[in-house]
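Next come the chains, spelled out residue by residue.
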Amino acid sequence: VVVLVVVEVVVVVVDVTVLVVVVVVLVVVVVMVVVVIVEVVVKVVVVVVEVMVLVVLVDVVDVLVDVVVEVVVVYSQACARRAMASFCSGWFLQPPFFQH
């Protein structure tokens, strides 16, 4: 009878130990899965933020290029007008061309 009780106690202790190990393993697996999911979500968020920053930078560069092109065009037109005005008022009206 005592041997049976001891065997029963050992069986219960082994069962409880196995249950505790299984629960701990399950908790570890769940934690690992959650960590992997969080890593993937963080990587996706980082990629999305990088793409958004690149889009904003491309927009800013586009605006800057438009401004520079506009300034160059306006400056070129002003230089052309100034050159034409000085050519017409000065050099073209000087004696060899204007004498008849």
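Residues numbered from 1 in each chain as written. Predicted model: local features only at pLDDT ≥ 70, side-chain atom pairs only at ≥ 80, totals over all residues. Heavy atoms only, no water.

Some points on the overall build of the protein chain
Part 1 of the argument: When helices and strands are counted, the protein chain shows two helices and zero strands.
Part 2 of the argument: The buried share among the 100 residues of the protein chain stands at 1%.
Part 3 of the argument: In the structure as shown, the protein chain presents an accessible area of about 8800 Å², 84% of it carried by carbon and sulfur atoms. (Helix = DSSP H or I, 4+ residues; strand = E, 2+ residues; numbered from the N terminus. Buried < 20%, exposed > 50% of the residue type's maximum accessible area, 1.4 Å probe, protein only. Areas by Shrake-Rupley, 256 points an atom, 1.4 Å probe, with all protein chains shown as cover.)

A word on a negative patch on the surface
Part 1 of the argument: Together, Asp59, Asp62, Asp66 and Glu70 make up a region of like negative charge exposed at the surface.
Part 2 of the argument: Its relative accessible area of 44% is what places aspartate 66 among the partly exposed residues. (Patch = residues over 30% accessible without salt bridge, like charges linked within 9 Å, V, L, I, M, F, W, Y side chains within 5 Å. Salt bridge = Lys/Arg side-chain N within 4 Å of Asp/Glu carboxyl O. Lys, Arg positive; Asp, Glu negative; His and termini not counted. Charge placed at Lys NZ, Arg CZ, Asp CG, Glu CD.)

Brief notes about a nonpolar patch on the surface
Part 1 of the argument: There is a patch of nonpolar side chains on the surface, built from Val21, Val25, Val29, Val33, Ile37, Val41, Val45, Val49, Val53, Leu54 and Leu57 and spanning about 910 Å² of accessible area.
Part 2 of the argument: Within the element layout of this structure, valine 49 appears in helix 1 (residues 2–91).
Part 3 of the argument: Take valine 49: its relative accessible area is 42%, and that puts it in the partly exposed class.

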